[in-house]
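# Survey of secondary and tertiary structure
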Amino acid sequence: MADAPRKSRLVSEVDFNKDGKQTGFIRLFHSTHDSAYGFLPIPIVVVKNGEGPTALFTSGNHGDEYEGQVALTNLAKSLDPVRIKGRVIILTMANYPAALVGRRVSPIDDLHLNRIFPGDPDGTVTRQIAHYIDSELIPLADFVMDLHSGGSSLNYVPCALATQSNDPALFQKQLAALRAFGAPFTYIQGGAQGQGGNQTLGSGAERRGKIALGSELGGCGTVNPAGLAIAERGVRNVLVHLGILPTSDWVEPPSPTRFLDVRGQDYYVYAPENGVFEPLVQLGDTVAIGTPAARIHFTETPWLPPVEIAFKAAGIVMCQRIPARTKRGDCLFHLASDLKIT
């Protein structure tokens with residue numbers, strides 16, 4: 001006989017089956033020197049009105065990514081339960097300890113939330129958060145969107161994204177939701193970067209056959225106004241698309257989303273040496289194979305010539321490193337190319 005699934009230790013202050021708007025916290029009990037019986041208060045908002053689909057929106061998976069956190073904070077305040085059909089669950093600071101201090105990873109256990117799904121109910125703080133989202137929140141949802149941006153070390157052309165489902169019917173639902181979100185660019189992930197894999201929040205949704213989307217809304221450790229505007233319009237349009245909000249709330253995107261993909265490791269440019277990174281292109285530029293991408297300068301040994309790096313693929317510059325001081329292995333850019341979607 002198979003062992004029964006282990007239950008989360010986290011306790012929610014909200015009732016997911018109750019109509020109306022509820023605000024409160026998910027209590028993650030965490031004993032420290034300063035607070036022997038204390039808990040970490042992960043904020044949650046649930047807005048429900050009768051029967052209908054459930055949308056789960058998360059941000060703060062990486063604590064230094066702010067566009068999504070602001071967009072979902074504004075959504076939480078604006079949603080009126082009388083005007084919806086179904087349920088909306090909002091988690092603005094999914095990795096609460098990291099979001100509280102503005103770090104990509106948790107200051108408590110130094111773990112990266114978006115690389116440890118499905119988590120562990122008996123693990124460290126971050127593993128417990130992953131397990132709660134994976135085992136308690138995702139199963140409630142029909143649609144899951146995890147809002148990201150570049151954080152402190154990267155800047156993105158604001159875009160939406162999804163990992164292509166192996167289920168053709170589910171993929172068509174992903175595409176319809178992406179078109180409703182209406183970002184100027186959307187890229188379809190295929191694991192080219194070699195990170196995340198099946199250990200992300202989105203992968204937890206995909207395993208359960210949910211419509212799962214993501215985003216990259218800007219970065220630089222700031223709030224990108226363009227990315228924020230795209231997110232605020234997009235999440236509401238998705239709610240209209242799902243039938244949760246009325247059609248009168250629809251705001252037509254300025255243009256149809258342009259689908260892109262990242263076709264392999266050649267689409268990424270990495271620093272070959274430690275030094276100071278000088279970009280030679282800008283976000284949104286279209287480049288060819290061999291276009292100079294960057295120089296690495298050696299300010300500690302200024303008599304040495306810089307190392308120049310060229311792009312190994314052609315495409316649109318979607319992402320750029322922000323800190324000038326860099327070390328071997330840091331990602332400096334990644335590209336994307338147009339993808340024909342039928």
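Our structure is the block above this text.
Presented here is a report on the structure given in the accompanying data block. (Residues numbered from 1 in each chain as written. Predicted model: local features only at pLDDT ≥ 70, side-chain atom pairs only at ≥ 80, totals over all residues. Heavy atoms only, no water.)

## So, the environment of Arg127
Among the secondary structure elements, Arg127 is positioned in helix α3 (residues 125-137). According to the relative accessible area criterion, Arg127 is partly exposed, its value standing at 31%. As for Arg127 and Arg115, which are separated by 12 residues in sequence, their C-alpha atoms are 9.8 Å apart. (Helix = DSSP H or I, 4+ residues; strand = E, 2+ residues; numbered from the N terminus. Buried < 20%, exposed > 50% of the residue type's maximum accessible area, 1.4 Å probe, protein only.)

## Examining helix α4 (residues 168-181)
For α4, which comprises 14 residues, the first-to-last C-alpha distance of 20 Å matches the rise-based estimate of 20 Å (1.5 Å per residue) to within 8%. Turning to α4, its buried residues number three or more, namely Leu170, Phe171, Gln174, Leu175, Ala177, Leu178, Ala180 and Phe181. In this fold, the buried residues of α4 make contact with β6 (143-146), β8 (159-163), β9 (185-189), β10 (211-216), α6 (225-242) and β11 (258-261). In this structure Asp167 caps α4, since a side-chain oxygen of it lies 3.0 Å from the backbone nitrogen of Ala169. (Expected span 1.5 Å × (residues − 1). Contact = heavy atoms within 4.5 Å. Polar contact = N/O pair within 3.5 Å; in protein donor to acceptor, adjacent residues only side chain to side chain.)

## A closer look at the packing of aromatic side chains
Counted according to the given criterion, the structure contains 5 aromatic pairs. Relative to Phe39, the ring of Phe29 has its centre 5.9 Å away and its plane inclined at 70°; by these criteria the two rings are edge-to-face. Remark: Phe39 occurs in strand β3 (residues 39-49) and Phe29 occurs in strand β2 (residues 20-29); sequence separation between them is 10 residues. Accessibility expressed as a relative area gives 45% for Phe29, which makes it partly exposed. When the ring of Phe277 is compared with that of Phe333, the centres are 5.7 Å apart and the planes differ by 75°; the resulting orientation is edge-to-face. Linking Phe277 in strand β13 (residues 275-279) with Phe333 in strand β19 (residues 331-338), this pair joins segments that are 56 residues apart in sequence. The class for Phe333 is buried, based on a relative accessible area of 0%. (Phe/Tyr/Trp six-rings, centres within 6.5 Å; stacked < 30°, edge-to-face > 60°.)

## So, the packing of helix α1 (residues 67-78) against α6
For the pair α1 and α6, interaxial distance at closest approach is 9 Å and the crossing angle is 45°. On the basis of their axis angle, the class for α1 and α6 is oblique. For the crossing formed where α1 meets α6, the hand is right-handed. Side by side, α1 and α6 meet where Glu67, Val70, Ala71, Leu72, Asn74, Leu75 and Ser78 of the first sit next to Leu228, Ala231, Glu232, Val235, Arg236 and Leu239 of the second. Taken together, the residues of the contact of α1 with α6 break down into 8 nonpolar, 2 polar and 3 charged. (Axes fitted to C-alpha atoms, helices over the stretch in contact; angles between N-to-C directions. Parallel < 35°, antiparallel > 145°, perpendicular 65-115°, else oblique. Left-handed = near helix turned anticlockwise from the far one by under 90°. Nonpolar A, V, L, I, M, F, W, Y, C, P; charged D, E, K, R; others polar.)

## Details of the sheet that holds strand β15 (residues 292-297)
Taken in spatial order, the 4 strands of this open sheet run β16-β15-β13-β18, and their pairing is antiparallel. Here the strands that pair on one side only, and so sit at the sheet edges, are β16 (307-310) and β18 (325-326). As defined by bridge partners, β13 adjoins β18 across 2 bridges and the pair is classed as antiparallel. Each bridged residue has a counterpart across the sheet, and for Val276 the counterpart in β18 is Arg325. (Pairing = 2+ DSSP bridges.)

Distances and angles like these do not, on their own, reveal function.
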